[in-house]
Amino acid sequence: MEEKTAKSLNFIEEIIEEDLKNQVYDGRVHTRFPPEPNGYLHIGHAKSICLNFGIAKKYNGMTNLRFDDTNPVKEDVEYVDSIKEDIRWLGFDWEDRLFYASDYFNELYNYALILIRKGKAYVCDMTADEISETRGTLSRPGKESPYRNRPVEENLDLFTRMRNGEFPDGSSVLRAKIDMASPNMQMRDPVLYRILHTSHHRTGDQWCIYPMYDFAHGQSDSIERITHSICTLEFEVHRPLYDWLIREIGIYAPRQIEFARLNLSYTVMSKRKLLELVQEGKVTGWDDPRMPTICGLRRRGYTPEAIRNFADIIGVAKRDNVIDVSLLEFCIREDLNKRSNRVMAVINPLKVILDNYPEDLTEEMEAINNPEDESRGKRKVPFSRELYIEKEDFMEIPSQKYFRLSPGKEVRLRSAYIIKCESFVKDPSTGEITEIHCTYDPKTRSGMPESNRKVKGTLHWLSVKHAIKAEIRLYDRLFMKENPDEAVEGKDYKDFLNPDSLKVITGQIEPSILRANPGDKFQFERIGYFCVDKDSAGNNLIFNRTVTLKDSWVKIGKNQ
RNA sequence: UGUCCGAUGGUGUAACUGGUAACACAACUGACUCUGGAUCAGUAGAGUCCAGGUUCGAGCCCUGGUCGGACAACCA
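Note that the structure is a prediction, hence the values are computed from the model and not measured.

## A closer look at the sheet that holds strand β3 (residues 98-100)
Inference 1: The strand order β1-β2-β3 describes an open sheet built from three strands, whose pairing is parallel. Looking at strand neighbours, the two that pair on one side only are β1 (30-33) and β3, the edges of this open sheet. Recorded for the sheet is a direction-independent mean angle of 35 degrees between the axes of neighbouring strands.
Inference 2: Note: strand β2 (residues 62-67) against β3, three bridges, orientation parallel. From the neighbouring strand, Phe-67 faces β3, where its bridge partner is Tyr-100.
Inference 3: In the packing of helix α2 (residues 43-58) onto the sheet, contacts are made with β1 and β2, and the angle to β1 comes to roughly 160 degrees.
Inference 4: Helix-sheet contacts for helix α3 (residues 77-90) involve β1, β2 and β3, and the interaxial angle to β2 is about 160 degrees.

Following this line, the structure appears as structure tokens:
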């Protein structure tokens, strides 16, 4: 039986269900995701992708992928390839419906002709500056172009010649003839076509005039018979223009619905700023694990499932929002907790010597791969007389609530024995503790009856002679400020970059990870989730920290 | 100053479409635990931007404000 969770609809679903009920689009739901191939996709796009594909799926509809490639000077195939890869990775499929606005350049050109013939568009020879100056301001109407009333025949001739390449870039444009006094700036005779002697990544040198986004987007949706054009809030004021164009041209009209874009705390989301970070070397590239890009998150160790769940949880509405990164982190922890195998790794090693353990003995300790999933089985971890533990797991003078290792105290070694600290060696010049001497209790090996003895703390460990060295990249948030975009006098977002967003250290890991491949994800017990970086090769293992484990000890520490 | 949009705990989203504010994250307690993880139980936190109005009854409707956002590329 279908369990109706009665999950409330978001405002977009409400509109769609209303349309469905009223048979507005013959019961069809057809959405699209329309990126411009001028940058990499980020988590904000993921929200839109999940929305568009998710809604279509929910209502048995379809979703197209369409590249809005109307500006050849900014666009590139590198971006179309990455965008396709990222959408597929997120788990969505546009099947055979991959389109480009450039597929419609002919139709669009013909639409322009229709407008010209109706006297609704004209060729304007003013310079960009002149057009800008005569546009008026928010409170003052604009001035009409002296070319506004050119006869239809002249416009037709001029536009044809524009297309034929008779004029240089910038010499003239095609504009809609609407209303220079409109209170909506978008309606003040917007530019429809501009001259650009630039070859296009798909149409090559076929065209030297290109439609503006506003003249391509709505009509492209119309051509594809999109029912619901879901886009972000900034296009709300453009909607009257799209409606006008579609009405004047006389073609099918989709319904546009605007929603508030995603903002995430401690990062920036604008393509321009992300590009800047890449170009200025603030990060290593679009896929730097600190970037909020899809490829960055992927490299960081995020899973598509976690991102999809995140998109679902944050909801959709029209009010501006800033989602706390901790919610994203919650989503990835929740996912990785269930699916990643556990492994022991020591980030900051401190040597422990078991004085009563035989010199040459090596035991194989059986460790559970994932306590959340028995089917993941067990593995062997070598154990010997000299071990590494984490430096912070020993305290010479422990506080009340510290239940790790300290002089005279007992602690459990995960999947192994209970040990007791007998003494320690301190470097007299630095005061640094360099070595701990312990005894182990042979009757407390995991699984033995006496191992059930209550011991407060459990530590992860590594056998010194079996440990594998690996580079570990500890990532933290890219910005120190919750909202780096917030205007602060004399500063911009780059002044808030977190200098500690990446720490590279050499850590030690148990030998079982030698079989790991790039992309593999693990939980380093008691530390966090890590994944093998793509730079990792052979003996040169590299791990990225995806996210730390929740750690209530840090809080206790802070409060003391 | 113009047009459009928005306003609900710290954050985000709900509220059977007018019936007495809920869920998640975050925070805090405690239990349990061979991960100070996970899990479980619980606590605190908004009276819904303000002022009027309609109504037996308003977060939902109306009016007027306030605050915030978007729009003045030959960008998308």
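## As for the pairing of strand β21 (residues 468-475)
Inference 1: With six of eight residues buried, β21 is to be regarded as a mostly interior element.
Inference 2: By the bridge criterion, eight bridges tie β21 to strand β22 (residues 502-509) in an arrangement that is antiparallel. Within the sheet, the bridge partner assigned to Ile-472 lies in β22 and is Ile-505.
Inference 3: Where β21 and strand β25 (residues 542-548) come together, three bridges link them in parallel fashion.

## A look at the sheet that holds β21
Inference 1: Pairing in this open sheet of seven strands is mixed, and the strands run β10-β23-β24-β25-β21-β22-β11 from one edge to the other. Both edges of this open sheet fall to β10 (341-343) and β11 (345-346), since each of them pairs with a single strand only.
Inference 2: Those strands touched by helix α12 (residues 325-339) are β10, β23 (521-524), β24 (528-532) and β25, and its axis lies near 120 degrees from that of β25.

## What about the nonpolar core?
Inference 1: Judged by nonpolar contacts, the single largest core of 37 residues is most densely connected at Ile-43, Ile-49, Ile-87, Leu-264 and Phe-310.
Inference 2: Listing elements by their share of this core, those giving two or more residues are α2, β2, α3, α10 (294-300), α11 (304-314) and α12.
Inference 3: Composition of this core by domain shows at least three residues from each of domain 1 (24-259) and domain 2 (264-341 + 470-559).
Inference 4: In this view, Phe-310 contacts Ile-43, Leu-262, Leu-264, Ile-323, Leu-327, Leu-328 and Cys-331; residues no more than four positions away in its chain are not counted.
Inference 5: Core analysis: the second largest hydrophobic core is formed by 33 residues, Ala-112, Leu-115, Val-123 and Trp-207 among them.

## Things to note about the protein's contact with RNA strand B
Inference 1: Surveying the vicinity of RNA strand B reveals 71 residues, the closest of which are Gln-186, Arg-342, Arg-404, Ser-446 and Gln-523.
Inference 2: Considering the 4 Å shell around the protein, atoms of RNA strand B inside it are sugar or phosphate in 64% of instances.
Inference 3: In this structure, Arg-526 approaches RNA strand B through a side-chain N or O atom, which is 2.7 Å from a phosphate oxygen.
Inference 4: Residues belonging to the surface near RNA strand B are distributed by class as follows: 26 nonpolar, 21 polar and 24 charged.

## Thoughts on the packing of aromatic side chains
Inference 1: Under the defined criterion, the tally for this structure stands at 23 aromatic pairs.
Inference 2: Consider the rings of Tyr-213 and Phe-235, whose centres lie 5.4 Å apart with planes at 35 degrees: the pair is tilted. Here Tyr-213, found in helix α7 (residues 213-223), pairs with Phe-235, found in the loop between β8 (228-232) and α8 (239-249); they are 22 residues apart in sequence, far enough to count as distant.
Inference 3: Through successive ring pairs, a cluster of aromatic residues spans Phe-105, Tyr-109, Phe-159, Tyr-193, Trp-207, Tyr-210 and Phe-215.
Inference 4: Here Arg-225 stacks its cationic end above the ring of Tyr-252, 4.2 Å away from the centre of that ring.

Rules and cut-offs
Residues numbered from 1 in each chain as written. Chains lettered and ligands numbered in written order. Predicted model: local features only at pLDDT ≥ 70, side-chain atom pairs only at ≥ 80, totals over all residues. Heavy atoms only, no water. Pairing = 2+ DSSP bridges. Helix = DSSP H or I, 4+ residues; strand = E, 2+ residues; numbered from the N terminus. Axes fitted to C-alpha atoms, helices over the stretch in contact; angles between N-to-C directions. Contact = heavy atoms within 4.5 Å. Buried < 20%, exposed > 50% of the residue type's maximum accessible area, 1.4 Å probe, protein only. Core = buried A, V, L, I, M, F, W, Y, C linked by side-chain atoms within 4.5 Å. Domains from an automatic or database assignment. Near = heavy atom within 4 Å. Polar contact = N/O pair within 3.5 Å; in protein donor to acceptor, adjacent residues only side chain to side chain. Nonpolar A, V, L, I, M, F, W, Y, C, P; charged D, E, K, R; others polar. Phe/Tyr/Trp six-rings, centres within 6.5 Å; stacked < 30°, edge-to-face > 60°. Lys NZ or Arg CZ within 6 Å of the ring centre and 35° of its normal.

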